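# Residue-level structural notes
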Amino acid sequence: MGRIVYGALAPHPPHLVYAENPPQNEPRAECGWETLRWGYERLRADLAKIPYDTIVVLSPHWQTYVGTHFLGVEHFRSLSVDPVFPNLFRYHYELDVDVPLAEAICSAASDDGIVTKMMRNPDFRVDYGTIVACHLVNPSWDKPIVSISSQRSAAFYSVEVMQEHMVALGRATRRAIEASDRRVVLLASESLSHRHFVTEPPVPEDMSHEHVTNHHQYLWDMKIVEMLRSGHTRQVVEQMPEFAEQAVSEADSGALTWLIAALDFPTSRAELYGYGTVIGTGNAVIGWTPGEPRP
Amino acid sequence: MNQVAAGAEVDGEEVATAPETGVVGGALVPGLPHPLLVPERNAGWNRLRQAYEAARRDLMELKPDLMVVYSTMWPSVIGHQIVAEPEPVWVHVDELFHDLGSIPYKFRIDAAMAEQVRAAAEERGLHARTVAYHGFPIDTGSVVALKLMNPDNALPAIVLSSNVYADRAETIVFGKACRDAILAAGRRAVAVVVGTLSNRLFTDWIDPADDHVHSLKDDEWNRKILEFLGEGRLEDTAQLSREVHRQIRIPKVVSFKSMWWWSGVMGQHNRYAGKVYAYEAIHGTGGAVVGLVPSPSGVGDKEFDEEDVERYRGDRGVLT
């Protein structure tokens with residue numbers, strides 16, 4: 001019987017990959033955003049102790065307005081250039097997709113009434129939210145992934161509607177994993193508060209320029225982080241509409257709601273690996289070890 | 001509403017003489033890939049495809065030497081971005097309609113003009129930068145527009161982003177900066193806006209034969225916008241932008257801002273000959289191909305509700 005062995009909030013600012021200087025990325029950096037990068041380092045160390053087969057990631061940067069989509073091609077090799085920060089992220093990626101698990105989750109979601117689609121076009125470029133989060137969690141890329149799109153029901157309807165959809169998708173994800181033989185790590189690839197600065201310093205990694213865009217956002221970030229750390233995940237979901245609106249949060253993508261639902265609303269303390277801002281947005285790396293699957 | 005001008009018809013004898021230099025004409029086109037990739041699946045998509053071609057022919061008769069594309073489907077955060085890779089080559093796949101097929105492209109970009117637009121934008125107080133990286137993800141809308149409006153790369157082009165945070169003042173100033181650069185370079189440009197009118201897609205898959213505008217409300221507003229544009233009332237349409245956004249736009253971005261840019265770059269008035277080549281649904285959205293040419297016979301200046309702005313003075317921190 002398959003199971004979810006770990007779940008993490010794994011934000012995807014391309015700045016973090018840029019500052020790591022991996023061989024896959026063309027630009028070079030001197031330093032930058034260390035509190036988050038060191039947080040990811042500790043997350044990787046914890047994951048190294050846990051055997052797992054597949055990473056399942058939901059990314060806000062694969063935006064679909066008609067249904068929830070799943071990568072359905074076994075192997076991708078291409079160049080990802082960030083449309084917003086092309087000066088920082090031009091990443092040569094090569095990755096494998098766990099297509100059978102993707103199909104199983106897609107089928108489970110479809111059975112629950114969610115509009116779905118498998119993405120079968122081999123020329124498709126994998127979104128950078130998927131690539132950044134997966135690189136920071138597993139830079140060796142030695143595990144296949146399942147990549148799930150962000151269905152933008154928050155834009156079409158409301159955050160409440162989005163959450164209903166994402167809770168259902170999370171439950172379907174869990175059910176499909178448990179029906180498989182996979183040990184799976186889940187990643188919600190998103191920031192918390194998400195108001196950016198609209199200018200960039202001449203040296204992007206000049207940390208003397210880095211801070212949260214405003215105090216209001218910081219207060220919201222701390223409130224959400226504290227609730228997540230202390231196991232109040234259901235309250236986070238309940239307060240998500242206010243958070244999404246007032247902190248311009250990237251949680252409107254549904255990734256965090258999906259993760260919490262897939263983890264069955266964990267009440268145990270989460271591990272906060274790090275919090276930091278990136279070009280004004282708030283980001284936290286947080287992990288959960290789920291309990292045994294319910295019978 | 002095919003091959004029909006919404007509102008006053010263009011009188012053949014009164015068609016404008018385009019200026020010697022500057023923006024000699026403009027077009028509004030939808031950016032979804034259906035008319036490019038699968039026009040045969042729906043009669044309306046095919047009419048849009050034909051409308052693209054008709055609009056292109058009419059614009060080319062103005063003898064332009066530059067195509068400026070402003071895409072609402074390319075969001076930027078760090079100011080305004082301008083494609084400046086001289087010959088971008090890629091095989092593009094839309095992130096939503098990936099099953100319609102791949103789009104190989106090779107475009108001809110006027111890198112020097114892109115730099116001039118950047119400089120002009122900075123001169124007016126904007127943050128702007130050019131992007132010239134192999135593999136930069138040119139958005140679906142720009143790709144579709146360039147493939148259909150400039151299929152043989154007859155015109156060098158530049159492609160502009162739509163800043164997610166920019167509201168009216170910043171967007172108008174960006175339009176004016178583009179106009180500055182075009183005039184300073186002595187170019188004859190056509191300004192192409194990529195975007196739908198109403199942008200609500202059906203949230204489920206449909207039989208292409210059943211495609212229609214999502215709601216009667218969306219359809220009525222679309223027709224009102226086309227009535228204005230068909231009469232050449234670009235500035236009036238721009239003044240309606242906030243209301244259009246409230247009424248028929250899914251809030252993916254701030255405001256129906258493309259009309260602000262278009263009016264800014266074309267001169268902020270209503271003296272145009274407008275032509276609606278086609279108006280059809282694309283998966284529920286309102287897709288129209290519209291042409292505008294400066295004309296002494298246009299409606300003329302109207303009473304503007306909002307003040308003009310010449311220079312962007314930055315984020316005044318009202319939210320922080």
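Residues numbered from 1 in each chain as written. Chains lettered and ligands numbered in written order. Predicted model: local features only at pLDDT ≥ 70, side-chain atom pairs only at ≥ 80, totals over all residues.

Helix and strand content of chain B: nine helices and 10 strands. Evaluated residue by residue, chain B yields a buried proportion of 59% over its 320 residues. Intrachain contacts of chain B at a sequence separation of at least 6 include 83% that bridge at least 24 residues. (Helix = DSSP H or I, 4+ residues; strand = E, 2+ residues; numbered from the N terminus. Buried ≥ 20, exposed ≤ 12 C-beta atoms within 10 Å, placed from the backbone. Contact = placed C-beta atoms within 7 Å.)

A few words on the overall build of chain A. In terms of regular secondary structure, chain A is built from nine helices and 10 strands. Referenced to the eigenvectors of the C-alpha coordinate spread, the extents of chain A come out at roughly 50 × 40 × 40 Å. Counting only residues that meet the buried cut, chain A has 55% of its 295 residues in that class. The contacts in chain A between residues at least 6 apart in sequence include a share of 83% that link residues at least 24 apart.

Listed per partner, the contact involves 25 residues of chain A and 30 residues of chain B. Secondary structure elements with two or more residues in the side of chain A that touches chain B: strand E2 (54-64), strand E4 (75-81) and helix H5 (153-156) of chain A. Tallied by class, the residues present in the side of chain A that touches chain B amount to 14 nonpolar, seven polar and four charged. (Nonpolar A, V, L, I, M, F, W, Y, C, P; charged D, E, K, R; others polar.)

Take the environment of Met-207 of chain A next. Residue and element names in this part refer to chain A. Here Met-207 is to be found in the loop between strand E8 (183-188) and helix H7 (215-229). According to the C-beta neighbour criterion, Met-207 is partly exposed, with 16 such atoms within 10 Å. Residues Met-207 and Gly-32, spaced 175 residues apart in sequence, show a C-alpha to C-alpha distance of 6.4 Å.

So, about the pairing of strand E1 (residues 3-9) of chain A. All names here are of chain A. Buried residues dominate E1, accounting for five of its seven residues. Sheet topology note: the E1/E8 ladder contains six bridges and is parallel. Bridging across to E8, Ala-8 finds its partner in Leu-187. In this structure, E1 lies alongside strand E10 (residues 281-288), joined through three bridges in antiparallel fashion. Across the sheet, residue Leu-9 finds its bridge partner in E10, namely Ile-286. (Pairing = 2+ DSSP bridges.)

Turning next to the packing of helix H6 (residues 159-179) of chain A against helix H9 (residues 255-262) of chain A. Residue and element names in this part refer to chain A. Packing of H6 against H9 leaves a shortest axis separation of 7 Å and a crossing angle of 45 degrees. Taken together, the axes of H6 and H9 lie oblique to each other. For the element pair H6 and H9, the recorded crossing hand is right-handed. For the pair H6 and H9, the contacting residues are Gln-163, Met-166, Val-167, Leu-169, Gly-170, Arg-171, Thr-173 and Arg-174 in the first and Thr-257, Trp-258, Leu-259, Ile-260, Ala-261 and Ala-262 in the second. Considered class by class, the residues forming the contact of H6 with H9 number eight nonpolar, four polar and two charged. (Axes fitted to C-alpha atoms, helices over the stretch in contact; angles between N-to-C directions. Parallel < 35°, antiparallel > 145°, perpendicular 65-115°, else oblique. Left-handed = near helix turned anticlockwise from the far one by under 90°.)

Moving on, we come to the nonpolar core. For soluble globular proteins, nonpolar side chains are generally found buried alongside one another. In this structure, Ile-105 of chain A together with Val-68, Val-69, Ile-158, Val-192 and Val-289 of chain B are the most contacted members of the largest nonpolar core, which totals 187 residues. Counting residues per element, this core draws most heavily on strand E9 (residues 272-282) of chain B, which supplies eight residues. Here Val-69 of chain B is in contact with Ser-142, Ala-145, Leu-146, Ala-157, Val-159, Leu-160, Val-192 and Val-194 of chain B, once residues within four sequence places are set aside. (Core = buried A, V, L, I, M, F, W, Y, C linked by C-beta atoms within 7 Å.)

A few words now on the packing of helix H6 (residues 216-230) of chain B against helix H8 (residues 241-248) of chain B. Geometry of a packed helix pair, given as the angle between the helix axes and the separation of the axes. All names here are of chain B. Running from N to C, H6 and H8 point in directions that differ by 160 degrees, and their axes come no closer than 10 Å. Regarding the angle of H6 to H8, the classification is roughly antiparallel. Note on packing geometry: the crossing formed by H6 with H8 is left-handed. Of the residues in H8, those in contact with Lys-217, Asp-218, Trp-221 and Ile-225 of H6 are Val-244, Gln-247 and Ile-248. Among the residues forming the contact of H6 with H8, the class breakdown is four nonpolar, one polar and two charged.

Residue and element names in this part refer to chain B. Along the chain, Glu-85 falls in the loop between strand E3 (80-83) and strand E4 (89-92). As a C-alpha pair, Glu-85 and Val-144 span 59 residues in sequence and 18 Å in three-dimensional space. Excluding its chain neighbours within four sequence positions, the residues that come into contact with Glu-85 are Ile-109, Ala-132, Tyr-133, His-134 and Phe-136.

Okay, helix H3 (residues 111-123) of chain B next. Because each turn of an α-helix spans 3.6 residues, side chains separated by three or four positions in sequence point in the same direction. Residue and element names in this part refer to chain B. With 13 residues, H3 ought to run about 18 Å at 1.5 Å a step, and its terminal C-alpha atoms sit 18 Å apart, in line with that. Every buried residue belonging to H3 is among Met-113, Ala-114, Gln-116, Val-117, Arg-118, Ala-120 and Ala-121, and all of these are buried. Packing partners of the buried residues in H3 comprise strand E2 (66-76), E3, strand E6 (128-131), strand E7 (157-163) and helix H5 (168-184). Phi turns positive one or two residues past the end of H3, at Gly-125, with a value near 90 degrees. (Expected span 1.5 Å × (residues − 1).)

These figures capture arrangement, not role.
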